[in-house]
Amino acid sequence: MELIRTAVSMTNIFFSLRSLKLECEKLASEKTEMQRHYVMYYEMSYGLNIEMHKQAEIVKRLNAICAQVIPFLSQEVSPPWLSMLVKTQVGGGGGRMRTVERSRRVSALNNFTAHVVQEPGSPRGSPAHSPRENGLDKNRLLKKDAPLSPSSIASSSSTPSSKSKETNLNEKSTTPVSKSSSPISRTDAPTPSSTSTPGLRTTSGKAAGIETLAPGLRTPLAVPCSYPGPFGMVPHPGMNGDLSAAGAAAYSFHVSADGQMQPVPFPPDALIGPGIPRHARQINTLSHGEVVCAVTISNPTRHVYTGGKGCVKVWDISHPGNKTPVSQLDCLNRDNYIRSCRLLPDGRTLIVGGEASTLSIWDLATPTPRIKAELTSSAPACYALAISPDSKVCFSCCSDGNIAVWDLHNQTLVRQFQGHTDGASCIDISNDGTKLWTGGLDNTVRSWDLREGRQLQQHDFTSQIFSLGYCPTGEWLAVGMENSNVEVLHVTKPDKYQLHLHESCVLSLRFAHCGKWFVSTGKDNLLNAWRTPYGASIFQSKESSSVLSCDISIDDKYIVTGSGDKKATVYEVIY
C-alpha cells in the first residue's frame, strides 16, 4: 500500500510538473510575441517620428521660400491675398515686415537703374568690367540629398538639366553699394546659440527678348575647345535681387546677427583686379580607374596625387600628353576608399588616410615611394587630414568624432580633441598654426586653440557639414553643407554670407592661397569659383559626374578635381 501511495504521489507530481512546463512554455511564447509587437511598434513609432521631422523641415523651408520670393513680386502680378500671406510667412514681426518693404524698394530701384542705364539694343554689360550678377533662374528645383558614400555618390550623380545652358552673358549695370562684412546652411547659426533664416535656392535663366553679346564680348569660356560638355560661366540675366527683368533671384545673401537676409550688392571691382581669375580651362584628364575621393597638388606644380579605392596614384602633369601614372601607392585594402591625402610642405612626404584605422606616411624622396611609418588610432576611419605649417604635427578627423593630434617626428598620438558627437568630416588650420577648424556630421563647426588645447567656438547648423576652408588671410571661414548651401562666416563677428548656386550637397571646398577667391564642388557635378567673402560667382564648370574633391596649387594657377566618373581633371586658372 505504501508503494501504491508513493506511485500515485509521484504521478501527481509528474502531471503537476508537466502542467507547469506547459504553462512556462505558453508564457515564453507570449513573451516572445509581446517582444515582437514591441519591436514592431517601436519601429513604427521611430519611422513616424522621422517622417514628422521631415514634414516639419519641409514646412520650414517652404515658409522660408515664400518669405524670400513673395516680397519681390511686383504689384501688377500680386493677387489681393498676397499681403496676408506675406504677413503670415514673416510672422508679423515689425523688423521682418520692414525688411520685406525694404526689399521691395531695393528691387524697384534696381529695375529703375536697369532701364535708365541701358540703351535700347545695346549689350547689357561686359564680363571684363562688371561682376557676375547676383541672379538665378527661379525654375531650379529646391532639393536635398542625403549624405552618401563615395560609391553611391558616384553612381547617383546629378543628371544634367534637359534645358541647354546659355553661354552668353547678359548682365545689367550695377550701382556700387557698400557691402557688409561677414559663412553655410539653410538655417545656420552665426553664434553657438543662435539660428539663422533658411535660404532660397534657385538658378539662372534667360529673359525673353534679351539680346546676346557680340562675339567680341563673350566670355572666353564660351570659346569651343577640345573638351566636351558645357564649361564656363552660367549667364545670369538680372542684378542681385532684381527679379522683374527675367524672373531671377539672388544667389548671394548677407545674413545679419538677427537672422535677416538681404541680397548682396556686389561692388564694381568684384571680378576684376590682381589675383582675381577671369576663367579656367581644362588642360588634362587623369583616368584613375576608381572614384577619386581625394586629390592634392605638389609644390612646385608637377605631380598630382589621386586617391581612390585602396591606393593613391601619382601623375606627372608637366607633360600634358602623359595619360598614365608614374607610380602607385598601395595604402589600404582593395575595397576601402582613400578619403584624404596631404603633402608636407617640403613635398618629400605624403600622409594618407581613409576607411581604416591606420594612417600611412610615405617617403617620396626615394626612387620608389615607400611606407616609412604608420599611425594607428582607435577610430575605424579617417575622413580628413591637416598638417601644421611647421610640418611637425598632423591632425586627423576620425569617424568617432575625435580629432587626433599626431607627432610626426616621434610618430605618436599626443592628444585628442573631443567634442563632435558624430564623425568629424573636414578640417583646416590657420596659417600661423595657432587655430584649428573642424566640421562634423553632428551639424557643428568648432574652432580649437592649439596652444592651449581647448575648444574656442562652436557654430550650430541644421545640416551636416561636409567641407570647410579657412581663408589664408584670416577673418573668413567657408563651409560646405549637406543641404547644398555654402556659408562664409566671419570668425569674430556674428554676421555671414550664404551662397546658393549648388543644387546638391557641397562635397569639397578650398581657398586660393591669395585668399581672394575659393572653389567648391558638389554632388551636382559643379565646380564653382567664388569671390571672398561675399560670393560673387567668378566661373563655373559642369563635369560629367559628382565632384568629390578639389585642390589648388600653391601659386593659384591650377585646380584639380576628383570625380565620381573615376577620373581627376586639371584646370589652368586664367587671369
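As recorded by an unreviewed UniProt entry, the protein carries the name Groucho/TLE N-terminal Q-rich domain-containing protein and is attributed to Neogobius melanostomus. The record held by UniProt for the protein lists under Sequence similarities (unreviewed entry) the comment "Belongs to the WD repeat Groucho/TLE family."

**Q** Could you give me a rundown of the overall build of the protein, with the residues and numbers involved?
**A** Scanning the protein for helices and strands turns up 4 helices and 32 strands. Within the protein, buried positions represent 53% of all 575 residues. Carbon and sulfur atoms form 56% of the exposed surface of the protein, whose accessible area is close to 25900 Å².

**Q** Which residues make up the pairing of strand S21 (residues 454-460), and what values go with them?
**A** As defined by bridge partners, strand S20 (residues 444-449) adjoins S21 across 6 bridges and the pair is classed as antiparallel. Residue pairing across strands places Arg-446 opposite Gln-458, the latter belonging to S21. Connecting S20 to the antiparallel partner S21 that follows it, the hairpin turn spans 4 residues, and Gly-453 within it adopts a positive phi of roughly 65 degrees.

**Q** Mind laying out the side chain of His-288, listing which residues take part and the relevant values?
**A** One can find His-288 in the loop between strand S5 (279-287) and strand S6 (294-297). Look at His-288 and you get buried, because its relative accessible area is 2%. Residues within four places of His-288 in sequence aside, it is in contact with Thr-306, Gly-307, Gly-308, Cys-311, Lys-313, Trp-315, Lys-566 and Lys-567.

**Q** I'd like to hear about the pairing of strand S24 (residues 486-490), residue by residue, with values.
**A** S24 sits mainly inside the fold: 5 of its 5 residues count as buried. In S24, alternate side chains face the same way, and those of Val-486, Val-488 and His-490 on one face and Glu-487 and Leu-489 on the other are all buried. Looking at chain direction, S24 and strand S25 (residues 496-499) are connected through 4 bridges and run antiparallel. Looking across to S25, one finds that Val-488 is bridged to Tyr-497. Following S24, the chain reverses through 5 residues before pairing antiparallel with S25.

**Q** An account of the sheet that holds strand S12 (residues 358-363) is requested, with residue identities and associated values reported.
**A** Strand order in the open sheet made by the 4 strands is S10-S11-S12-S13, with antiparallel pairing throughout. Pairing within the sheet leaves two strands with one partner each, and these edge strands are strand S10 (338-343) and strand S13 (370-376). Direction aside, neighbouring strands of the sheet carry axes that sit 20 degrees apart on average. Of the pairings in the sheet, the one linking S10 to strand S11 (residues 349-354) comprises 5 bridges and is antiparallel in character. Bridged to Ser-340 within S11 is Gly-353.

**Q** Kindly report on helix H1 (residues 2-69), identifying the contributing residues and their values.
**A** The first and last C-alpha atoms of H1 sit 99 Å apart over 68 residues, in line with the 100 Å expected at 1.5 Å per residue. Here H1 has its buried residues at Glu-57, Arg-61, Ala-64, Ile-65, Ala-67 and Gln-68.

**Q** A description of the sheet that holds S5 should follow, citing residues and the corresponding values.
**A** Spatially, S5-S32-S31-S30 is the arrangement adopted by the 4 strands of the open sheet, whose pairing is antiparallel. Two strands bound the open sheet, and with one partner strand each, they are S5 and strand S30 (547-552). For this sheet, the mean angle separating the axes of adjacent strands, direction not counted, is 25 degrees.

**Q** Give me unusual backbone geometry: which residues, what numbers.
**A** That bond from Asn-299 to Pro-300 is cis: its omega, 0 degrees, falls within 30 degrees of zero. Notably, Ser-484 is not glycine yet its phi reads approximately 90 degrees, a positive angle. Within the secondary structure layout, Ser-484 lies in the loop between strand S23 (476-481) and S24. A positive phi angle, close to 75 degrees, is found at Asn-525, a residue other than glycine.

The rules behind the values
- What you see as residue numbers is a count from 1 along each chain, following the sequence as written.
- Under the rules for a predicted model, residues below a pLDDT of 70 receive no local features and side-chain atom pairs below 80 are neither given nor counted, while totals for whole chains, interfaces and linings still include all residues.
- The side-chain values count all of the structure's non-hydrogen atoms but skip hydrogen atoms and water molecules.
- UniProt positions are given in the numbering used here, feature names are shortened, and annotations may be inferred rather than shown by experiment.
- Helix and strand assignments follow DSSP, with helices taken as H or I runs no shorter than four residues and strands as E runs no shorter than two, numbered in order from the N terminus.
- Think of it in three bands: residues with accessible area under 20% of the maximum for their type are buried, residues over 50% are exposed, and the middle band is partly exposed, with areas taken using a 1.4 Å probe on protein chains only.
- Throughout, the Shrake-Rupley method with a 1.4 Å probe supplies accessible areas, and for residues the shown protein chains are the sole cover considered.
- Any two strands with at least two DSSP-identified bridges between them are counted as paired.
- Two residues form a contact once any of their heavy atoms are found within 4.5 Å.
- Axis geometry follows a simple rule: fit a line to the C-alpha atoms, using only the stretch in contact for helices, then measure angles between N-to-C directions, giving values from 0 to 180 degrees.
- A helix is expected to reach a length of 1.5 Å times the quantity of its residues less one.

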